[in-house]
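Survey of secondary and tertiary structure
In case you want the letters, here they are:
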Amino acid sequence: MVGSRHHHGGEGGTGEEPVSTADTARAEPRRVVIVGGGFAGLFATRALRRAPVEVVLIDRAQHHLFQPLLYQLATGMLSEGQIAIPLRRLLARQRNVRCELAEVVDVDAAARRVVAARPGGARLELPYDDLVVAVGVRQSYFGHDEFARWAPGMKTIGDALTIRRRVFGAFEMAETAADPAERRRWLTFALVGAGPTGVELAGQIRELATRTLRREFRSIAPEEARVLLFDGGRVPLASFGPALSRRAAEALEELGVEVATGSVVTGVDADGLVVRDRDGVETRHAAGTVLWTAGVEAPPVVAALAAATGAPRDRAGRVRVGPDLTVPGHPEIAVIGDAMSLGELPGVAEVAMQAGFYTGRRIGRTSRGGRSTRPFRYHDLGSAAYISRGRAVVSAGPVHLSGVAGWLAWLFVHIAFLTGYRNRLGAVLSWATTFARDIRRERAFATEGIDRDRDEYAPAVTR
């Protein structure tokens, strides 16, 4: 039965005959602890549905999130329920799985157990026979974590809702601002990082300003909102190749996004940000909203795992795994998804899905007494980035699409990868409404935090 070895503790006298190790091994199925319910963790769990194992799936939120569409949640196109689904619902029919709400904070590789913190701080210790670490990555501020207060990233539903509050709240604050300089500041949005997330979010904010909101305000013209996109590289979407990068840059320019490449952000505060250009000249940009879409790093539990196993890590803190995605010297521990480092594999959903499926199948095979010698091989299904209605870029092997063709391909790919029939149907209906009528129904936000982290209606604090 799942959960028969959940908590450790001293054994009291029961009057029963002691059970031998061999009998225990036969009586209890192999326990697989999977940390993280993203693409990698979910696919690993599903691949074990017929294996003679018990699975404990630990996740700090207990929902599976389709991260590639977070920017649409942030800009009012989709709701939380259309891009997230409870793990318990997804796995309700898989009887060998138990889901637990907790965050793994440490690993005892010698004792083969993980330490997890429940909400509120209480600790759990869970033993494992096989451990699968699929925790993903978090936003990296490149050593400047103090920027996070002023420039939120976008990795979770909470992050996306924070961005929604700041984006829509900025237009509201501009509407009631009496000072022209303050109004201009609120109508300036600065994004740091021109990868897929930055490009998609920048395009959506401009589309929001020029289509959805342009007739709704009386004191401001939303289409005058400036969207600044800064990146330290030479072109946006550099990973898509020169041709698609150029087309993406042209689409952003047509949309009105101001792209500044070769730019490094050196400071972020309540009034905007400071950017250093290629010539070393620093310029301050007043901006009411700064969003961070540059860089990722492994979460602290990955460092704890590396310390416990001696596993090497790359510059982003991800664990360098072997060809079978296990930690060197620890065949019972696999690291998959964005937290793993293997060759030049990108941190995208397709890699996580395939790594999860491979790992689940491998563990299932060994649990039946089989051997696993075949190394992991990634089959590249391509990359896609949405810029605005009728504009997207898609790279899939020799096929490179942009404009309307890329946009249609993007729609097909994302409908196919969304988890759950209802999520697919809901997303299609929301997209149809948005594209046909320029209506975004998911625009509600809390007023707390429009102006960073303070309550907008609280009395001003005098110093």
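Residues numbered from 1 in each chain as written. Predicted model: local features only at pLDDT ≥ 70, side-chain atom pairs only at ≥ 80, totals over all residues. Heavy atoms only, no water.

The next subject is the overall build of the protein. Within the protein, the secondary structure is distributed over 13 helices and 25 strands. Relative to its length of 463 residues, the protein is compact, with a C-alpha radius of gyration of 24 Å against a globular reference of 23 Å. Taken over the C-alpha atoms alone, the protein extends approximately 85 × 60 × 45 Å along its principal axes. By residue count, 50% of the 463 residues in the protein fall in the buried class. For the protein, the proportion of contacts with a sequence separation of at least 24, taken over those separated by at least 6, is 64%. Counting only carbon and sulfur atoms, one obtains 51% of the accessible surface of the protein, whose full area is about 22100 Å². In the protein, 60 side chains carry a positive charge and 52 a negative one; their mean positions are 6 Å apart. (Helix = DSSP H or I, 4+ residues; strand = E, 2+ residues; numbered from the N terminus. Rg over C-alpha atoms; globule rule 2.2 N^0.38 Å. Buried < 20%, exposed > 50% of the residue type's maximum accessible area, 1.4 Å probe, protein only. Contact = heavy atoms within 4.5 Å. Areas by Shrake-Rupley, 256 points an atom, 1.4 Å probe, with all protein chains shown as cover. Lys, Arg positive; Asp, Glu negative; His and termini not counted. Charge placed at Lys NZ, Arg CZ, Asp CG, Glu CD.)

This part covers the environment of Gly198. Looking at where Gly198 falls in the secondary structure, it is placed in helix 8 (residues 196–212). When the C-alpha atoms of Gly198 and Ala270 are compared, they prove to be 20 Å apart, with 72 residues separating the residues in sequence. Setting aside chain neighbours within four positions, we find Gly198 in contact with Leu191, Gly193, Leu229 and Thr293.

The next thing to look at is the sheet that holds strand 6 (residues 103–108). An order of 6-7-8 is seen for the three strands of this open sheet, with the pairing classed as antiparallel. Looking at the sheet topology across the chains shown, the edges are occupied by strand 6 and strand 8 (123–127). Averaged over all pairs of adjacent strands, the angle between their axes in this sheet comes to 25 degrees, without regard to strand direction. As judged from the five bridges shared by strand 7 (residues 113–117) and strand 8, these two strands associate in the antiparallel manner. Residue pairing across strands places Val115 opposite Glu125, the latter belonging to strand 8. (Pairing = 2+ DSSP bridges. Axes fitted to C-alpha atoms, helices over the stretch in contact; angles between N-to-C directions.)

It is worth spelling out helix 10 (residues 300–309) at this point. Residue pairs spaced three or four apart in an α-helix point in one direction, given the helix's 3.6 residues per turn. Every buried residue of helix 10 is listed here: Val301, Val302, Ala304, Leu305, Ala306 and Thr309. Among the structural elements, strand 6, strand 9 (130–133), strand 19 (319–320), strand 20 (326–327) and strand 21 (330–335) are those in contact with the buried residues of helix 10. In the stretch just after helix 10, Gly310 is the one whose phi turns positive, near 75 degrees.

Sheet architecture is open: four strands sit in the order 13-12-11-17, paired in parallel fashion. Edge positions in the sheet fall to strand 13 (257–261) and strand 17 (289–292), since each of these pairs with one other strand and no more. Taken over all neighbouring pairs, the strand axes of this sheet differ in orientation by 20 degrees on average, direction set aside. Packed on one face of the sheet, helix 6 (residues 157–176) meets strand 11 (188–192) and strand 17 and runs near 155 degrees to strand 17.

Regions with low pLDDT should not have their predicted coordinates read in detail. Within the protein, residue pLDDT values average 90, and 91% of them lie at 70 or more. Per-residue pLDDT stays below 50 along residues 1–26; that stretch engages in 33 contacts with residues further than four places along the chain or on separate chains. (pLDDT = per-residue confidence, 0-100.)

Attention now moves to a nonpolar patch on the surface. On the surface, a nonpolar cluster with roughly 350 Å² of combined accessible area is contributed by Tyr421, Leu425 and Leu429. Structurally, Leu425 can be placed in helix 13 (residues 421–437). Since its relative accessible area comes to 41%, Leu425 is described here as partly exposed. (Patch = residues over 30% accessible without salt bridge, like charges linked within 9 Å, V, L, I, M, F, W, Y side chains within 5 Å. Salt bridge = Lys/Arg side-chain N within 4 Å of Asp/Glu carboxyl O.)

Right, let's get into the pattern of salt bridges. Inspection of every chain in the model, using the stated rule, returns 16 salt bridges. For Glu207, the salt bridge is made with Arg440, and the minimal N-O distance between the two is 3.0 Å. Separated by 233 residues along the polypeptide, Glu207 in helix 8 and Arg440 in the segment after helix 13 bring together distant segments of the chain. For the pair shown, Glu207 and Arg440 are each scored as buried. A salt bridge links Glu216 to Arg443; the nearest nitrogen and oxygen atoms lie 2.7 Å apart. A residue pair is termed long-range when its members are at least 10 positions apart, and Glu216 in the loop between helix 8 and strand 12 (226–231) and Arg443 in the segment after helix 13 qualify at 227 residues. Owing to a relative accessible area of 40%, Glu216 belongs among the partly exposed residues under this scheme. Residues participating in the shared-partner salt-bridge network are Asp108, Arg113 and Glu125.

Most of strand 11 is tucked away, with five of its five residues classed as buried. One ladder, built from four bridges, connects strand 11 with strand 17; its direction is parallel. By the bridge assignment for strand 17, Val192 is matched with Trp292.

What follows is about the packing of helix 12 (residues 403–417) against helix 13. Remark: helix 12 packs on helix 13, axes separated minimally by 9 Å, with the N-to-C direction vectors making an angle of 155 degrees. The pairing of helix 12 with helix 13 is recorded here as roughly antiparallel in orientation. Between helix 12 and helix 13, the residues in contact are Trp407, Trp410, Leu411, His414, Ile415 and Ala416 and Arg424, Val428, Trp431 and Phe435, respectively. Of the residues assigned to the contact of helix 12 with helix 13, the class counts are eight nonpolar, one polar and one charged. (Parallel < 35°, antiparallel > 145°, perpendicular 65-115°, else oblique. Nonpolar A, V, L, I, M, F, W, Y, C, P; charged D, E, K, R; others polar.)

Another aspect to go through is the packing of helix 6 against helix 8. Where helix 6 meets helix 8, the closest approach of the two axes is 12 Å, and the angle between their N-to-C directions is 35 degrees. You can see that helix 6 and helix 8 cross each other, and the crossing is right-handed. Residues Ile163, Val167, Phe168 and Phe171 of helix 6 form the contact with helix 8, whose participating residues are Leu201, Ile205, Leu208 and Ala209. Its residues assigned to classes, the contact of helix 6 with helix 8 shows eight nonpolar, no polar and no charged. (Left-handed = near helix turned anticlockwise from the far one by under 90°.)

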